[in-house]
Structures are given as C-alpha cells and as structure tokens.
Amino acid sequence: MTAAAAADHPVRLRITDDLQRTRLTVFFRVLLAIPHFLWQALLGILAVVAIVVNWFATLIAGQSPEWSHAYLAGYLRYATHVSAYVFLLADPYPGFYLINLKEDYPIDVEIAAPEPQGRLTVAFRLILAIPAIIVTQILRNLSSVLAFFSWWIALFTARVPEGIRNFGAFALRYETQTYAYLGLLTARYPSFNVGVTS
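Residues numbered from 1 in each chain as written. Predicted model: local features only at pLDDT ≥ 70, side-chain atom pairs only at ≥ 80, totals over all residues. Heavy atoms only, no water.

Enquirer: Now, about a nonpolar patch on the surface: what can you tell me, with residues and values included?
Expert: Residues L24, F27, F28, V30, L31, L32, I34, F37, L38 and Y93 make up a contiguous nonpolar surface patch of roughly 940 Å² in combined accessible area. If you list the elements that add at least two residues to the nonpolar patch, you get α2 (23–27) and α3 (29–61). When residues in the nonpolar patch are grouped by element, the largest group, 6 residues, is from α3. Residue placement: I34 occurs in helix α3. (Patch = residues over 30% accessible without salt bridge, like charges linked within 9 Å, V, L, I, M, F, W, Y side chains within 5 Å. Areas by Shrake-Rupley, 256 points an atom, 1.4 Å probe, with all protein chains shown as cover. Salt bridge = Lys/Arg side-chain N within 4 Å of Asp/Glu carboxyl O. Helix = DSSP H or I, 4+ residues; strand = E, 2+ residues; numbered from the N terminus.)

The following block contains the structure:
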C-alpha cells in the first residue's frame, strides 16, 4: 500500500509533535494521567453502550447513525490523546472529552464521516477484528517497553528519540484504526502502512 493509500484510510493519525518534553511532567506522567484514566473509564461505559446500539443500527440501516458515530469518534480521539500522553508521544496535558478536548493536540486522529457498510461484515465484525486486536496488543506491549526507555531518555535530555516516537505513533495509529473498525466507525480494516499526515 502506498502513502497515498494510507492517506485515503478513513482513520488517520496526524503528528505535529516537536519531540521536546518537560522533565517534571515526564517524571510524574503516570500520576498526572490518573484523572484521565478515571474519566476515560467512565466515558468508556457509555462507549460500550453506544457500540452495541451502533451495531444494531448499522446492521439494520447499513450505516452508523450520526449521533453514535460522533460520540464514538470523539471518544476515540480522546483515548488517542490520553495514550499519546502516557506513552510520551506528546507532551501537553490532554483536554477532557466533553469538557475541553484540544483540537490542536500534537498527536491527533482524524476520523471520516459515517459511510455505508456491508451488513454481513457488520454482523461478524467482532470475529473479523480478532486478528487486528491480537496485533494491537502486541504493538501496545512493545510501545510500553519503548516508552519506559523513552521516559529515561526524556528525563535526562528533555527530548524523546524520533524513532521511538514514530514506532509508538505507528502502534497507536494501528490501535485507533482497530478500535474504529470494531466500533463500526469505518468498514476499512486496520492498515500496516506507516503513512501519517504531518
């Protein structure tokens, strides 16, 4: 798949990060993220309900309703910001979804509007997503290990290595595309293509 094909994917990661990190917030990164973990878990309950409703609606109508697509896309953007912050892929403290989600976050996801989807693939979406979910978990575990090394480097240099950030962004993009596919935000399967928009 070419970079142009990656740009055509309905779920794209946008990176505007400058690799600079604030040592103090790096040191306390996980502690600072606790309010986001709690808020994300609370909103995640609503997201699960929205996914179930979205599944039935998409199965019947052949396309996600605008309201469920908007909520799930916003939740996925928020989860992407939180993950980027925790894994040191971005430095600014993320805004809270439904309160003050930042539009200019250094690692952000762009999700296309609802599109028609085949009812057969919608019916078996969970089964079809299993390979992508397994790959997502492998990539997330690798990102966790690299984030640990990145944490030490950022403490001493106030920067993260570009290669580690880029791998983390690749893993986060794949994860976001997987959850978008699973949540019926797109009919497109996650892509291994490394193309991102900057």
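Structure's up, so let's keep going.
Enquirer: So, the nonpolar core: which residues are in play, and what are the values?
Expert: If you look at the biggest cluster of nonpolar residues, it comprises 30 residues, and the most contacted ones within it are Y71, Y78, A84, Y97 and I107. Counting only elements with at least two residues in this core, the list comes to β1 (11–15), α3, α4 (66–86), β2 (107–111) and α7 (162–182). For this core, the element with the most residues is α4, which contributes 9 residues. Those residues in contact with A84 that sit more than four places away from it in its chain are L89, A90, Y105, I107 and L172. (Core = buried A, V, L, I, M, F, W, Y, C linked by side-chain atoms within 4.5 Å. Buried < 20%, exposed > 50% of the residue type's maximum accessible area, 1.4 Å probe, protein only. Contact = heavy atoms within 4.5 Å.)

Enquirer: Pulling in residues and values, what's your account of the packing of α4 against α7?
Expert: Between two packed helices, what matters for the description is the angle formed by their axes and the separation of those axes. In the contact formed by α4 and α7, the axes pass within 11 Å of each other and the chain directions differ by 155 degrees. Comparing the axis directions of α4 and α7 gives the class roughly antiparallel. By crossing handedness, the relation of α4 to α7 is classed as right-handed. Along the contact surface, α4 presents L76, T80, S83 and A84, while α7 presents L172, T176, Y179 and A180. Here the residues of the contact of α4 with α7 are counted per class, giving 5 nonpolar, 3 polar and no charged. (Axes fitted to C-alpha atoms, helices over the stretch in contact; angles between N-to-C directions. Parallel < 35°, antiparallel > 145°, perpendicular 65-115°, else oblique. Left-handed = near helix turned anticlockwise from the far one by under 90°. Nonpolar A, V, L, I, M, F, W, Y, C, P; charged D, E, K, R; others polar.)

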